[in-house]
Amino acid sequence: SGFAEYVTNVSQFLPFFIPVLRHRMSSKSPHPYFSKRISLMGAQDELADVREENEDDETLFAWTTPDPLEDSEEIRLLNMKLLHLIIQRCQHQLFPFLNDVVTLLVLGLGDRFPDVKQECFACIVKVCELFPVRIRGCSVDLCKITMPSLKHKLSRIRISAIHATKALIVAGGGL
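The structure presented is a predicted model; accordingly, all values stated were derived computationally and were not measured.

**Student:** Is there a simple way to explain helix 2 (residues 14-25) in this structure?
**Tutor:** Note: α-helices contain 3.6 residues per turn, so residues at a spacing of three or four share the same orientation. Under the 1.5 Å per step criterion, the end-to-end length of helix 2 is 16 Å for 12 residues, consistent within 8% with the ideal 16 Å. Taken residue by residue, helix 2 has Leu 14, Phe 17, Ile 18, Leu 21 and Met 25 as its buried positions. The buried residues of helix 2 occupy an angular sector of 90 degrees when projected down its axis, which confines them to one face. Every exposed residue of helix 2 that faces more than 90 degrees away from the buried side is listed here: Pro 15 and Phe 16.

Here it is as structure tokens:
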């Protein structure tokens, strides 16, 4: 992330940064959320159909990322901080990579390390501010993934989850 702090035009490196972050934040085993083959930025109707089909499936939204590819919590935190920095610096130039950013947010929400979750919530708030219309398609699903964090033992995580949920509700048009 030190490199991204000193480079004036981070957006030219997005085709490199985003796939590398996605690979580093992924898990060794299949992910329960992505195994349902939900297209996060797909049509609102398709997401509604998937939600109706899986209404009673608690495992779809209450999970942690199984076997993260990166074992070190600190490196996963640095990856999420790099994503936050990219979101802040590139803003609307990030639009072509929004699907990947949402995937990274889903993976970050499932992390067991509280600091990664907190950084992920900050990223969600910023993405909702930048792309309220585009995030509308997956705001309900991101809210459902955020909800278990409202019962987290650390108050700072609960507060960050509330801010992220508020941003998702506003971006989602009231859900």
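**Student:** Which parts of the structure should I look at to understand a nonpolar patch on the surface?
**Tutor:** Among the surface-exposed residues, Met 147, Leu 150 and Ile 162 lie close enough to one another that they form a single nonpolar patch of about 240 Å² accessible area. Within the secondary structure, Ile 162 sits in helix 9 (residues 155-171).

**Student:** Just to check I follow, could you spell out unusual backbone geometry for this structure?
**Tutor:** Most peptide bonds take the trans configuration, and most residues that are not glycine carry a negative phi. Residues other than glycine seldom take positive phi values, yet Gln 91 does so here, at roughly 45 degrees. Along the chain, the position of Gln 91 falls in the loop between helix 4 (73-90) and helix 5 (98-109). When its relative accessible area of 29% is taken as the criterion, Gln 91 is described as partly exposed.

**Student:** Any chance you could explain the confidence of the model for the protein chain here in plain terms?
**Tutor:** With 74% of its residues at a pLDDT of at least 70, the protein chain reaches an overall mean of 80. Confidence, read as mean pLDDT per element, is least for helix 3 (residues 44-53) in the protein chain (46) and greatest for helix 6 (residues 114-130) (95). With pLDDT under 50 throughout, residues 35-51 is counted as low confidence; its partners more than four residues away or in other chains account for 31 contacts.

**Student:** What am I meant to see in helix 5 here?
**Tutor:** With 12 residues, helix 5 extends 16 Å from end C-alpha to end C-alpha; this agrees with the ideal 16 Å at 1.5 Å per step. Judged by how many residues are buried, helix 5 sits mostly within the fold: 10 of 12 residues are covered. Among the residues making up helix 5, those that are buried are Leu 98, Val 101, Val 102, Thr 103, Leu 104, Leu 105, Val 106, Leu 107, Gly 108 and Leu 109. Lining the buried residues of helix 5 we find helix 2, helix 4, helix 6, helix 7 (132-135) and helix 8 (139-146).

**Student:** Looking at this model, I keep getting lost on the nonpolar core. Mind explaining?
**Tutor:** Proteins that are soluble and globular tend to have nonpolar side chains buried together. Ranked by size, the top nonpolar core spans 44 residues in total, and within it Leu 83, Ile 86, Leu 94, Val 101 and Ile 124 carry the most contacts. Counting residues per element, the ones that place at least two in this core are helix 2, helix 4, helix 5, helix 6, helix 8 and helix 9.

The rules behind the values
- Residues numbered from 1 in each chain as written.
- Predicted model: local features only at pLDDT ≥ 70, side-chain atom pairs only at ≥ 80, totals over all residues.
- Heavy atoms only, no water.
- Helix = DSSP H or I, 4+ residues; strand = E, 2+ residues; numbered from the N terminus.
- Expected span 1.5 Å × (residues − 1).
- Buried < 20%, exposed > 50% of the residue type's maximum accessible area, 1.4 Å probe, protein only.
- Arc of directions from axis to C-beta.
- Patch = residues over 30% accessible without salt bridge, like charges linked within 9 Å, V, L, I, M, F, W, Y side chains within 5 Å.
- Areas by Shrake-Rupley, 256 points an atom, 1.4 Å probe, with all protein chains shown as cover.
- Salt bridge = Lys/Arg side-chain N within 4 Å of Asp/Glu carboxyl O.
- pLDDT = per-residue confidence, 0-100.
- Contact = heavy atoms within 4.5 Å.
- Core = buried A, V, L, I, M, F, W, Y, C linked by side-chain atoms within 4.5 Å.

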